[in-house]
Amino acid sequence: MMAFWTEPDFDEHELVQLVHDSASGLTAIIAIHSTHLGPGAGGTRFWHYDKPEGAMRDALRLSRGMSYKNAMAGLPMGGGKAVVLLGPGAEKTPELLAAFGDAVNALGGRYVTAEDVGATEADMVAISKRTPHVCGLPADDGSIGGDPGPFTAMGIYHGIRAAVAHKLGKDSVRGVHVAVQGCGSVGGGVARLLARDGATLTLSDIDAKRAKALATELGSQVVASDRVMGVTCDVFSPNALGAVLDEEGIARLDCQIVAGGANNQLARPEHGAQLAERGILYAPDYVINAGGIINVGLEYLCRQHGSPCDINEVRRRIAQIPERLEAIWRESEATGQSSDVVADAMARRLIGRG
Ligand code: NAD
C-alpha cells in the first residue's frame, strides 16, 4: 500500500489507522478527517477491493466528504469514515464485527460509526455490543435513528422544492416534471413525496421490476435506465450511483435542475462548472442528502449528551436544508463560482480550514 500522505485525496487527515486482527480476519482502515466541530462521524463501508489503494482512497475521500456534510448540516460533528476490506467471498462474521467494534471503541469516541454500503442495522447492533460510539441503531417506538433512507429522501424533497422555487419561480412542484434515477430507499422515498404534491414523474432503475412497481403505485411513467439522463424534464434527480455527472452525462441532460441524493455525483470537480455553463442549477450532493446523517447524528448526540432528540427536532433540522442551498446558490450567482465550489469553500470555513 502506498504511503497514505502521498495519496491525492490526503487532506491533512487527523488520523488514518490500519486495523488488523488475525483471529477474526478483520482488515480495516479508519480515517478521521476533522474533529474541529466534534467527533468524526461517518459510516463503515464493507467492500471487496481489488487493490488496497482503492480502500485507502475511499477512506480518505469519504471521511473528508463527511466533514463537509456534517458541517453543512449544522451538526456538532466532524468527519470520519471506515472501510472494512472483505476478501473475495468473505462474510461479515460476528467475530469480525466484534473486532471492528473494539477498534472503534479504542478511539474513545473520536470516531462514531454508522451504516454505509454493505452494512445493515443488524451490523450496527453487533458493533454496539463492543462500543457506544455507533449510531443508525434500530429506532424503538418514539426514538430516533434507524434506517436513514427516509430522512435522506425527506431532505432531498425539501431541496428539490427549493430548487424549483429558485430556478423556476414556482412555490409548488405540482406539474413539475422530475426524472428520478434509482428507485431504492432514497429515490423511492423522493418519488413518493413528490407524487403526493402532484409532480409529474419519470422513473428509472436498472431493476426494471422495481421501477415498474413504483410507477404503478404512483401512476408515473418509466424509462429505461440508460435513457433517464436524456429525458426532457425540469429536474433530474440522481439517486443511484455516483459520478453520473461526467462530460457525456452532462451533455445528455435536458433539464434545468440537478438535485438528488447520490453521493459524489460530479465525476470530477470541473463538472460542476460544466453544469453551470449549461445554465443548470446544481444542488451540491452532500448538502441536499444530509437528512440521514442528521437523523442518526442526533440519535448519537441524544444518547451521549442528552441533546434534543425527538423526531420533530430531526424534521426541523432537515427542513433547514433549503436555507443552506439558497445561501450557496446566492453566493454562486454573486461570485460566478459554481455551486459545488461555493459549498466546498463554505464547508472548509466551518471546519476551520477556510
Ligand atoms: P438503494 O440500494 O436502496 O437504491 C439504489 C437503487 O439504484 C437500486 O434500486 C438500484 O437498482 C438502482 N440503480 C443502481 N444503478 C442504477 C443505474 N445505473 N440506473 C438506475 N438505477 C440504478 O440505495 P439508497 O440507500 O437509495 O442510496 C442511493 C444513493 O444515495 C447512493 O448513492 C447512496 O450513497 C446515496 N445516499 C444514501 C443515503 C441513505 O440514507 N440511504 C444517504 C446519503 C446518500
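Participant: Requested: an account of the packing of aromatic side chains, with residues and values cited.
Facilitator: The geometry of an aromatic ring pair comes down to the distance between the two centres and the angle between the two planes. On inspection of all chains with the given rule, the structure shows 4 aromatic pairs. When the centroid spacing of 5.0 Å and the interplanar angle of 85 degrees are considered together, the rings of Phe-4 and Trp-5 count as edge-to-face. Look at Phe-4 and you get partly exposed, because its relative accessible area is 22%. Trp-5 gets classed as exposed once you look at its relative accessible area, which sits at 57%. On the basis of an interplanar angle of 55 degrees and a centroid distance of 5.7 Å, the ring pair of Tyr-68 and Tyr-286 is categorised as tilted. Of this pair, Tyr-68 sits in helix α1 (residues 52-72) while Tyr-286 sits in helix α9 (residues 285-288), placing them 218 residues apart in sequence. When its relative accessible area of 8% is taken as the criterion, Tyr-68 is described as buried. An aromatic cluster is built from Phe-4, Trp-5 and Phe-10, whose rings are joined through pairwise contacts. Directly above the aromatic system of Phe-46 lies the positively charged group of Lys-92, at a separation of 5.3 Å from the ring centroid. Directly above the aromatic system of Tyr-157 lies the positively charged group of Arg-196, at a separation of 5.8 Å from the ring centroid.

Participant: Now, about the site of the ligand: what can you tell me, with residues and values included?
Facilitator: The ligand sits among 20 residues. The nearest are Thr-152, Val-186, Asp-205, Arg-210 and Ala-240. At 3.3 Å from a nitrogen atom of the ligand is found a main-chain nitrogen or oxygen belonging to Ile-206. Residue Gly-261 places a main-chain N or O atom 3.4 Å away from an oxygen atom belonging to the ligand. Across the complex, the protein chains shield 74% of the 830 Å² of accessible surface that the ligand would expose by itself.

Participant: Explain the pairing of strand β5 (residues 78-85) to me, and be specific about the residues and the numbers.
Facilitator: Among the 8 residues that make up β5, 8 are buried, leaving the element largely enclosed by the rest of the structure. Burial along β5 is two-sided: Gly-78, Gly-80, Ala-82 and Val-84 and Gly-79, Lys-81, Val-83 and Leu-85, pointing in opposite directions, are all buried. Relative to β5, strand β2 (residues 26-34) is paired through 6 bridges, and the arrangement is antiparallel. Residue Ile-29 lies in a different strand from β5, and its bridge partner there is Val-83. Sheet topology note: the strand β3 (residues 40-41)/β5 ladder contains 2 bridges and is parallel. Each bridged residue has a counterpart across the sheet, and for Gly-40 the counterpart in β5 is Gly-78. Note that strand β4 (residues 44-47) and β5 share 4 bridges and pair parallel. Looking at the pairing, Arg-45 lines up with Val-83 of β5. For the segment spanning β4, α1 and β5, crossover handedness is right-handed.

Criteria and cut-off values
Residues numbered from 1 in each chain as written. Predicted model: local features only at pLDDT ≥ 70, side-chain atom pairs only at ≥ 80, totals over all residues. Heavy atoms only, no water. Phe/Tyr/Trp six-rings, centres within 6.5 Å; stacked < 30°, edge-to-face > 60°. Buried < 20%, exposed > 50% of the residue type's maximum accessible area, 1.4 Å probe, protein only. Helix = DSSP H or I, 4+ residues; strand = E, 2+ residues; numbered from the N terminus. Lys NZ or Arg CZ within 6 Å of the ring centre and 35° of its normal. Near = heavy atom within 4 Å. Polar contact = N/O pair within 3.5 Å; in protein donor to acceptor, adjacent residues only side chain to side chain. Areas by Shrake-Rupley, 256 points an atom, 1.4 Å probe, with all protein chains shown as cover. Pairing = 2+ DSSP bridges. Right-handed = clockwise from strand over helix to strand, strands pointing away.

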